[in-house]
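Residue strings, one per chain:
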Amino acid sequence: FGYIVNRKTDESYAGLRVMSLGILANAMRASSIIPEFVRGPLRPVLLKDLNEAETCPNAALQAARCMEYFIRGDRDTMELNDAFECARKVGEARHCGLMEQADRCISSIR
């Protein structure tokens, strides 16, 4: 959890953070339940990853995989949609997987 919430810029830390986000996304897919005590601290961090997709598209992809399970029951879908659109644009230019995941999330909002 610490690797995800703490956004250090060290290259080796960034790699561990992307892997941690992947593990979190897999756990969320398996359980489909996000308790509020997890949602609260993670939501802003994951949104920041999506909005900064240009800097690290791999982290944005894993953040989008996690955020897919935040959509249902979220209080501000407009903010989510904007973040997914930002990530989608980067995905179109640089990362096919990110584009596909962002499209999936945008479709879930509508």
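The structure displayed is predicted, hence computed values, not measured ones. (Residues numbered from 1 in each chain as written. Predicted model: local features only at pLDDT ≥ 70, side-chain atom pairs only at ≥ 80, totals over all residues. Heavy atoms only, no water.)

## A word on the overall build of the protein
Right, so step 1: Helix and strand content of the protein: six helices and zero strands.
Right, so step 2: Starting at the N terminus and walking to the C terminus, you meet the elements of the protein as α-α-α-α-α-α.
Right, so step 3: Taken against the 2.2 N^0.38 rule, which gives 13 Å for 110 residues, the C-alpha radius of gyration of the protein at 13 Å falls within 12% of a compact globule.
Right, so step 4: For the C-alpha atoms alone, the extent of the protein along its principal axes is close to 35 × 35 × 20 Å.
Right, so step 5: Scored against the burial criterion, the 110 residues of the protein give a buried share of 44%.
Right, so step 6: By sequence separation, contacts in the protein at least 24 residues apart represent 66% of the contacts at least 6 residues apart.
Right, so step 7: Total accessible area on the protein stands at roughly 6100 Å², and carbon and sulfur atoms take up 53% of it.
Right, so step 8: Each charge class in the protein was averaged separately, 15 positive and 15 negative side chains, and the resulting centres sit 3 Å apart. (Helix = DSSP H or I, 4+ residues; strand = E, 2+ residues; numbered from the N terminus. Rg over C-alpha atoms; globule rule 2.2 N^0.38 Å. Buried < 20%, exposed > 50% of the residue type's maximum accessible area, 1.4 Å probe, protein only. Contact = heavy atoms within 4.5 Å. Areas by Shrake-Rupley, 256 points an atom, 1.4 Å probe, with all protein chains shown as cover. Lys, Arg positive; Asp, Glu negative; His and termini not counted. Charge placed at Lys NZ, Arg CZ, Asp CG, Glu CD.)

## Side note on the state of the cysteines
Right, so step 1: As enumerated under the stated definition, the model contains zero disulfides in all.
Right, so step 2: No disulfide involves Cys66; its sulfur sits 10.0 Å from that of Cys105, the nearest cysteine.
Right, so step 3: Here Cys86 is not disulfide-linked; the sulfur of Cys56 is the nearest cysteine sulfur, at 13 Å.
Right, so step 4: In this structure Cys86 comes out as partly exposed when scored by relative accessible area, which is 27%. (Disulfide = S-S within 2.5 Å.)

## Topic: the packing of helix H3 (residues 36-51) against helix H4 (residues 57-67)
How two helices sit against one another is set out by the angle between their axes and by the gap between those axes.
Right, so step 1: Viewed as axis vectors pointing N to C, H3 and H4 meet at an angle of 135 degrees, and their least axial separation amounts to 8 Å. As summarised for this structure, H3 and H4 are arranged oblique, according to the angle between their axes. In this structure, the crossing between H3 and H4 has a hand that is left-handed. Listed contacts from H4 to Arg43, Leu46, Leu47, Asp49 and Leu50 of H3 are Ala59, Ala60, Ala63, Ala64, Cys66 and Met67.
Right, so step 2: Residue classes in the contact of H3 with H4 are distributed as nine nonpolar, no polar and two charged. (Axes fitted to C-alpha atoms, helices over the stretch in contact; angles between N-to-C directions. Parallel < 35°, antiparallel > 145°, perpendicular 65-115°, else oblique. Left-handed = near helix turned anticlockwise from the far one by under 90°. Nonpolar A, V, L, I, M, F, W, Y, C, P; charged D, E, K, R; others polar.)

## Thoughts on the nonpolar core
Right, so step 1: Of all hydrophobic cores here, the largest spans 31 residues; its most connected members are Met28, Leu42, Leu46, Leu50, Met67 and Phe84.
Right, so step 2: Elements with a contribution of two residues or more to this core: helix H2 (11-31), H3, H4, helix H5 (77-94) and helix H6 (96-109).
Right, so step 3: Broken down by element, the residue count for this core peaks at seven residues, all from H4.
Right, so step 4: Contact partners of Met67, with chain neighbours within four places excluded, come to Arg43, Leu46, Leu47, Leu50, Leu80 and Phe84. (Core = buried A, V, L, I, M, F, W, Y, C linked by side-chain atoms within 4.5 Å.)

## Focus: the side chain of Gln62
Right, so step 1: Looking at where Gln62 falls in the secondary structure, it is placed in helix H4.
Right, so step 2: For Gln62, a relative accessible area of 13% corresponds to the buried category.
Right, so step 3: If near-sequence neighbours (up to four positions away) are discounted, Gln62 is found in contact with Val18, Leu21, Gly22 and Ala25.

On their own, these measurements won't tell you what the molecule is for.
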